[in-house]
Amino acid sequence: MAATATERALLIDGEWVETGEWIDVRSPYSGDVVGRVARGGAAETRRALDAAERALANPLPAHKRAEILVKVAGLIGRRHEEVARTISDEAGKPIKTARVEASRAMSTYTFAAVEARKLAGEMVPMDAAQAGEGKLAFTLRRPIGIVGAISPFNFPCNLVAHKLAPALAAGCPVVLKPASQTPLSALLLAELEQEAGLPAGWLNVIVGKASEIGDVLVEDDRVKLITFTGSGDVGWKLQERAPRKRVKLELGNSTPVVVAADADVENAAAKLAANAFAFAGQSCISVQRIYVERPSYDAFVEAFVPKVQALKVGDPADDDTDVGPVIDDDARGRITQWIAESGGEQLTGGDENGLIKPTVLANVPDDARVSCDEVFGPVVVVNPVDSIDEAIERANGTRFGLQAGIFTRSLDTALNAAERLEFGGVVVNEAPTFRSDQMPYGGVKASGNTKEGPAWAVREMTEERLVVIQR
Ligand code: NAP
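How each quantity is defined
Residues numbered from 1 in each chain as written. Predicted model: local features only at pLDDT ≥ 70, side-chain atom pairs only at ≥ 80, totals over all residues. Heavy atoms only, no water. Salt bridge = Lys/Arg side-chain N within 4 Å of Asp/Glu carboxyl O. Helix = DSSP H or I, 4+ residues; strand = E, 2+ residues; numbered from the N terminus. Near = heavy atom within 4 Å. Polar contact = N/O pair within 3.5 Å; in protein donor to acceptor, adjacent residues only side chain to side chain. Areas by Shrake-Rupley, 256 points an atom, 1.4 Å probe, with all protein chains shown as cover. Phe/Tyr/Trp six-rings, centres within 6.5 Å; stacked < 30°, edge-to-face > 60°. Buried < 20%, exposed > 50% of the residue type's maximum accessible area, 1.4 Å probe, protein only. Lys NZ or Arg CZ within 6 Å of the ring centre and 35° of its normal. Contact = heavy atoms within 4.5 Å. Core = buried A, V, L, I, M, F, W, Y, C linked by side-chain atoms within 4.5 Å. Pairing = 2+ DSSP bridges. Right-handed = clockwise from strand over helix to strand, strands pointing away.

Looking at the pattern of salt bridges
With the rule as written, the count across this model stands at 32 salt bridges. For E81, the salt bridge identified is with R99, shortest N-O distance 2.9 Å. A residue pair is termed long-range when its members are at least 10 positions apart, and E81 in helix α3 (residues 80-91) and R99 in helix α4 (residues 95-118) qualify at 18 residues. Each of R8, R79, E82, E191 and E195 takes part in salt bridges that share partners, so that together they form one network.

Put into structure tokens, the structure is as follows:
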């Protein structure tokens, strides 16, 4: 283990717990061990649920929850560079992108604090029905109960924040299982929550074999909601296995963007080149399919390809690196295979010291895996289309539905696309990789069944209780 590597225990009931077994966390770039984490399993998960149950029995008032959330945001700010380095080391994320993620986590906690303070039910206009005359009614928003949270490797800090912060705002204790490849950022956030004054049991973090921890979260009736971000294969099975729980899924995409003939091509090319390859395309809304109306196609490709070639590929720890490694050798092998079998023309790409260079493929059939599946790598497909209608039809021709985009100067074209693109979000004149943390963010179709963003997640994590009073 490198001299600077971090060693972290599990968090259960406010205590840091070692189990005698360790998981090595390796840099996806160098392969060096950058940390090790205690390995937990079913027994630790059950102990964590016991602690969460005790926490739930001693509710924290909203002002206290909000104060803790604000403090966590401040602590992330104070240790910003350490948070960013941790993300970068374990995920192989370029440090400048990791710094943005750390800042976004501050934003997520800050917005969650606002939600904690304004969490309230509604008045019901009872005398609107004859039966209600003489009665007063309102709803209370109650925490749903213990939340089981499962997070992916690609945003190991901010996607964990999108689960922990709204859960605390809603008054729900959490048992978190972060991705095994990137648990260090989650455990650092847990440390900051402790430092901010979170009482024992409100957050418990278990790292270990996914199916073992997942099985306890699915089978234990005390877990009322599972919030999962990751792949569809895992997510939809969790939902099937837990029909009586709320199972909230944030899953993948095959992100399309339309470039209309009237678009500012230079602007579209610049934004798409910057956003299709950030974190080597390992974002659920990384631009993957670009459909350009034929009159603009050549100009777009001429503007786009040199910008892609100018991206700096290399060590994620370097300040000027734009594109680092993908998460592991399996991912690398799969992506390389998909590129080779795409049937399209490779306009740029290749290998640079074992890293996949940003790859642009043109005229790729819609049934190639780089088109219809989620690549989750630094690969973009560019195709000419004869009309906006064709572009929208091909953009929709996927099982996914998370976020899509369009570049156009016409308001009418933009609004028409916003209505017809079957996605949870449609972004106009910006890369559809755009996300700001207060937005409602989530997919339809195979991409999920919920919206994150603190205001929306807090609603999911609470339930309304009706109170009727006879006057
Ligand atoms: P993944 O393989 O599905 O893993 C996600 C999490 O699920 C990890 O913590 C993993 O644990 C855990 N897991 C695996 N098998 C499980 C089981 N049987 N029971 C319970 N938990 C289990 O996904 P990933 O490769 O980390 O992330 C990439 C995917 O996430 C992509 O599809 C991407 O689009 C999606 N994603 C979606 C969003 C969104 O907001 N919509 C955001 C980011 C990523 P281990 O690590 O221990 O295997």
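Quick word on the site of the ligand
The environment of the ligand is formed by 27 residues, the closest being S151, S180, S231, L251 and E374. In this structure, F153 approaches the ligand through a main-chain N or O atom, which is 3.3 Å from an oxygen atom. When isolated, the ligand has an accessible area of 910 Å², and the protein chains bury 83% of it. When contributions to the shell around the ligand are tallied by element, the ones reaching two or more residues are α7 (210-219) and β11 (223-229). Here the shell around the ligand takes three residues from α7, the largest share from any one element.

Quick look at the packing of aromatic side chains
This structure, assessed with the given rule, holds two aromatic pairs. Taking the centre distance of 5.8 Å and the plane angle of 85° together, the rings of F153 and F376 count as edge-to-face. Note that F153 is positioned in the loop between β8 (146-150) and α5 (158-170) and F376 in the loop between α12 (369-372) and β19 (379-385), a separation of 223 residues in sequence. Judged by relative accessible area, F153 falls into the buried class, the value being 14%. Between the aromatic rings of F300 and F304, the centroid separation amounts to 5.1 Å while the plane-to-plane angle is 20°, which identifies the pairing as stacked. Linking F300 with F304, this pair stays in helix α10 (residues 294-309), spanning four residues, or about one helical turn. Across the pair, F304 and F300 agree in class, each one buried. Positioned above the aromatic ring of F155, the side-chain terminus of K93 is 3.7 Å from the ring centre.

What about the environment of Y291?
Take Y291: it is sitting in strand β14 (residues 287-293). For Y291, a relative accessible area of 1% puts it in the buried group. When the C-alpha positions of Y291 and I392 are compared, they lie 8.7 Å apart, and in sequence the two are 101 residues distant. When sequence neighbours within four positions are dropped, the list of residues in contact with Y291 reads P256, V257, V258, V259, D366, N383, V385, A391, R394 and A395.

Comments concerning the nonpolar core
Here is a general trend for soluble globular proteins: nonpolar side chains tend to be buried in one another's company. One finds L69, I76, V83, Y109, V174, L176 and L203 to be the most contacted residues of the largest nonpolar core, which totals 58 residues. In this structure, A179, V257, V265 and F376 belong to the second largest nonpolar core, which totals 50 residues.

Some details on the pairing of strand β9 (residues 174-177)
With burial as the criterion, each face of β9 is covered, one bearing V174 and L176 and the other bearing V175 and K177. Two elements, β8 and β9, share four bridges in a ladder whose sense is parallel. Residue pairing across strands places G148 opposite V175, the latter belonging to β9. Crossover handedness for the path β8 to α5 to β9: right-handed. Between the parallel elements β9 and strand β10 (residues 203-205), the chain passes through helix α6 (residues 184-195) in a crossover that is right-handed.

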